[in-house]
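# Per-entry structural report
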Amino acid sequence: EDQVTQSPEALRLQEGESSSLNCSYTVSGLRGLFWYRQDPGKGPEFLFTLYSAGEEKEKERLKATLTKKESFLHITAPKPEDSATYLCAVQVTGNTGKLIFGQGTTLQVKP
Amino acid sequence: NAGVTQTPKFQVLKTGQSMTLQCAQDMNHNSMYWYRQDPGMGLRLIYYSASEGTTDKGEVPNGYNVSRLNKREFSLRLESAAPSQTSVYFCASSEGLLLYGYTFGSGTRLTVV
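Residues numbered from 1 in each chain as written. Chains lettered and ligands numbered in written order. Predicted model: local features only at pLDDT ≥ 70, side-chain atom pairs only at ≥ 80, totals over all residues. Heavy atoms only, no water.

### Digging into the overall build of chain A
Here is the rule we go by: Secondary structure follows DSSP: runs of H or I at least 4 residues long count as helices, runs of E at least 2 residues long count as strands, and numbering of each begins at the N terminus. Both definitions apply: the radius of gyration is a C-alpha atom measure, and the globule rule equals 2.2 Å times residues to the power 0.38. Accessibility throughout is a Shrake-Rupley quantity obtained with a 1.4 Å probe, and a residue counts as covered only by protein chains that appear here.
A tally of helices and strands in chain A yields zero helices and eleven strands. When its helices and strands are written in sequence order, chain A yields β-β-β-β-β-β-β-β-β-β-β. The globule rule puts the C-alpha radius of gyration for 111 residues at 13 Å, and the 14 Å found for chain A is close to it. Once the C-alpha set of chain A is aligned to its principal axes, its extents read approximately 45 × 30 × 20 Å. When the accessible surface of chain A is summed, it comes to about 5500 Å², and 45% of that surface belongs to carbon and sulfur atoms.

Take a look at the structure:
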């Protein structure tokens, strides 16, 4: 069964304290891995797509990396406005295009 | 740009009542989706439409129906609401089915009593 697991469930950081969020996956075949950010009361906002092991993508203080079994979202020198829930999703090979979402990591950055 | 617009934002239903959640996108996207989000369960796909004129079941389709009215609009109908359908519902769209990031609406918070 295709599965996506994110850890930790919650993370509290001080402003400027860098850390990483983990997304591990077990799938029959990976077409792509997606990262989204979700603010309270809002829909998820697309951040990155990663296609193959070794790939990296960056956006401001966020950097996403991909291996054959997991992805990391590195947050460098976070600010309070980075506080949100970060969702990971995988798209498996085949024609459906269905995304399988993890349960998310809720990040709180304190000033 | 509006992006993906969902209505209503909040709704309370009694068990057995029916309702339709509306979704419209203005990005000329081909594919549209309905997800539900529950605590501890993550986002789960209910139905999707790869392109205008097609719809397919997702992971949790029971108790729901959908209509792709045109390229812009994709509605979700609950024929006889049950408390288990209490959830936050998100509509999303993408340029295509494969390897495109989704644009999500702001959600409908539905409570069935």
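Here the narrative resumes.
### Quick look at the interface of chain B and chain A
Heads up, the condition is: By the convention used here, residues are in contact when the closest approach between their heavy atoms is within 4.5 Å. A carboxyl oxygen of Asp or Glu within 4 Å of a side-chain nitrogen of Lys or Arg is what we treat as a salt bridge. Identification of polar contacts relies on pairs of N or O atoms within 3.5 Å, with a donor-acceptor requirement for protein atoms, meaning one able to donate a hydrogen and the other able to accept it, and with residues adjacent in sequence counted only if both atoms are side-chain atoms. Residues are grouped as follows: nonpolar covers Ala, Val, Leu, Ile, Met, Phe, Trp, Tyr, Cys and Pro; charged covers Asp, Glu, Lys and Arg; every other residue, Gly included, is treated as polar.
With 18 residues of chain B in contact, the opposing surface of chain A contributes 23 residues. Across the chain B-chain A interface, the total number found is zero salt bridges. Joining chain B to chain A, the criterion identifies three residue pairs in polar contact (both at pLDDT 80 or more). When contributions to the side of chain B that touches chain A are tallied by element, the ones reaching two or more residues are strand E4 (31-38) and strand E5 (42-49) of chain B. Sorting elements by how many residues they give to the side of chain B that touches chain A places E5 of chain B first, with four residues. Tallied by class, residues from the side of chain B that touches chain A come to twelve nonpolar, six polar and no charged.

### Some points on the pattern of salt bridges
Oppositely charged side chains can form a pair if their charged atoms are brought close together. Put simply, the rule is: Only protein chains enter the accessibility calculation, which uses a 1.4 Å probe. A residue is then buried if its area is under 20% of the maximum for its type, exposed if over 50%, and partly exposed in between.
Applying the stated criterion across every chain, the model contains seven salt bridges over all chains. One salt bridge in this structure joins Glu56 of chain A and Lys63 of chain A, with 3.3 Å as the shortest N-O distance. With a relative accessible area of 28%, Lys63 of chain A lands in the partly exposed category. Glu79 of chain B is the partner of Arg77 of chain B in a salt bridge, and the nearest nitrogen-oxygen pair spans 3.1 Å. Among the residues examined, Glu79 of chain B registers a relative accessible area of 42% and is labelled partly exposed. The network of salt bridges with common partners includes Arg36, Asp38 and Arg44 of chain B.

### A word on the layout of surface pockets
Sizing a probe to match a water molecule and rolling it over the atoms shows the empty space that remains. For clarity, the cut-off: Throughout, the protein atoms alone are placed on a 1 Å grid, and a set of points is a cavity if a 1.4 Å probe fits but cannot get out or a pocket if it is open with protein on both sides within 12 Å along at least five of seven lines; lining residues have an atom within 4 Å of a point. Grid points are joined across faces, edges and corners, and a volume is the space filled by probe spheres set on the points.
Roughly 610 Å³ of volume is contained in the largest pocket. Gln38, Gly41 and Thr85 of chain A together with Gln37 and Arg109 of chain B are the residues nearest the centre of the largest pocket, which is lined by 27 residues in total. Going through the elements one at a time, strand E9 (84-92) of chain A together with E4, E5, strand E9 (87-94) and strand E11 (108-112) of chain B are the ones with two or more residues in the lining of the largest pocket. In terms of residues, the lining of the largest pocket owes the most to one element, E9 of chain A, which gives three residues. In the lining of the largest pocket, the residues fall into eight nonpolar, 13 polar and six charged. Here the second largest pocket is characterised by a volume of approximately 450 Å³. Put simply, the parts of the chain that give the lining of the second largest pocket at least two residues each are strand E1 (3-7) and strand E10 (99-101) of chain A together with E5 of chain B.

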